[in-house]
Amino acid sequence: MGKIILRLDRMMVERKVSLNELAERVGISNVNMSKIKNNKVTAIRFSTLAAICEVLDCEAGDILEYQRDK
């Protein structure tokens, strides 16, 4: 089975938003946002994903990528 890769770091660079600013505007801790940014999570709440998309003015598909097993 493949896996979902978060490409949040790429979108943050495009939107020129820092980790601290994004975490504050989304309403989660810097530590948790860092885990999301660095693909260190196995799940993400839809409400958190929606808030990230709202702040970054993007679609969920802009930061989620499906990667097939090799």
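See the structure printed just above.
It should be emphasised that the depicted structure is a prediction, and the values quoted were computed from it without experimental measurement.

A.B. asks: How should a nonpolar patch on the surface be read in this particular structure?
C.D. replies: A cluster of nonpolar side chains, contributed by I4, L64 and Y66, occupies part of the molecular surface with about 290 Å² of accessible area. Given a relative accessible area of 52%, I4 falls into the exposed group.

A.B. asks: In this structure, what is going on with a negative patch on the surface? I would like to understand it.
C.D. replies: Taken together, E54, D57, E59 and D62 make up a surface patch of like negative charges. Following the sequence through the fold, E54 ends up in helix α4 (residues 46-56).

A.B. asks: For this particular structure, what's the right way to read α4?
C.D. replies: For an α-helix the count is 3.6 residues per turn, leaving residues at separations of three or four pointing the same way. Turning to α4, its buried residues number three or more, namely T48, L49, I52, C53, V55 and L56. The arc that holds the buried residues of α4, viewed along the axis, is 165°, so those residues lie on one side. Of the exposed residues in α4, the ones pointing more than 90 degrees away from its buried face are F46, S47 and E54. On the buried face of α4, the contacting elements are α1 (8-15), α2 (19-26), α3 (30-37), α5 (60-63) and β2 (64-67). Of the residues one or two after α4, D57 is the one with positive phi, at around 50°.

A.B. asks: Even after reading the chapter, I still don't get unusual backbone geometry, so can you show me in this structure?
C.D. replies: Outside of glycine, negative phi angles account for most residues, and trans bonds account for most peptide bonds. Unlike most non-glycine residues, N39 shows phi in positive territory, near 55°. Position of N39 relative to the elements: it lies in the loop between α3 and α4.

A.B. asks: It is not clear to me how the packing of α2 against α4 should be interpreted in this structure. Could you clarify?
C.D. replies: Between two packed helices, the angle of one axis relative to the other and the distance separating the axes together describe the packing. In contact at an axis separation of 9 Å, α2 and α4 are set at 120° when each is read in the N-to-C sense. By the angle between their directions, the pair α2 and α4 is classed as oblique. By crossing handedness, the relation of α2 to α4 is classed as right-handed. Mapping the contact onto sequence places L22, R25 and V26 in α2 and T48, A51, I52, V55 and L56 in α4. Of the residues belonging to the contact of α2 with α4, the class tally is six nonpolar, one polar and one charged.

Reading the values: rules and limits
- Residues numbered from 1 in each chain as written.
- Predicted model: local features only at pLDDT ≥ 70, side-chain atom pairs only at ≥ 80, totals over all residues.
- Heavy atoms only, no water.
- Patch = residues over 30% accessible without salt bridge, like charges linked within 9 Å, V, L, I, M, F, W, Y side chains within 5 Å.
- Areas by Shrake-Rupley, 256 points an atom, 1.4 Å probe, with all protein chains shown as cover.
- Salt bridge = Lys/Arg side-chain N within 4 Å of Asp/Glu carboxyl O.
- Buried < 20%, exposed > 50% of the residue type's maximum accessible area, 1.4 Å probe, protein only.
- Lys, Arg positive; Asp, Glu negative; His and termini not counted.
- Charge placed at Lys NZ, Arg CZ, Asp CG, Glu CD.
- Helix = DSSP H or I, 4+ residues; strand = E, 2+ residues; numbered from the N terminus.
- Arc of directions from axis to C-beta.
- Contact = heavy atoms within 4.5 Å.
- Axes fitted to C-alpha atoms, helices over the stretch in contact; angles between N-to-C directions.
- Parallel < 35°, antiparallel > 145°, perpendicular 65-115°, else oblique.
- Left-handed = near helix turned anticlockwise from the far one by under 90°.
- Nonpolar A, V, L, I, M, F, W, Y, C, P; charged D, E, K, R; others polar.

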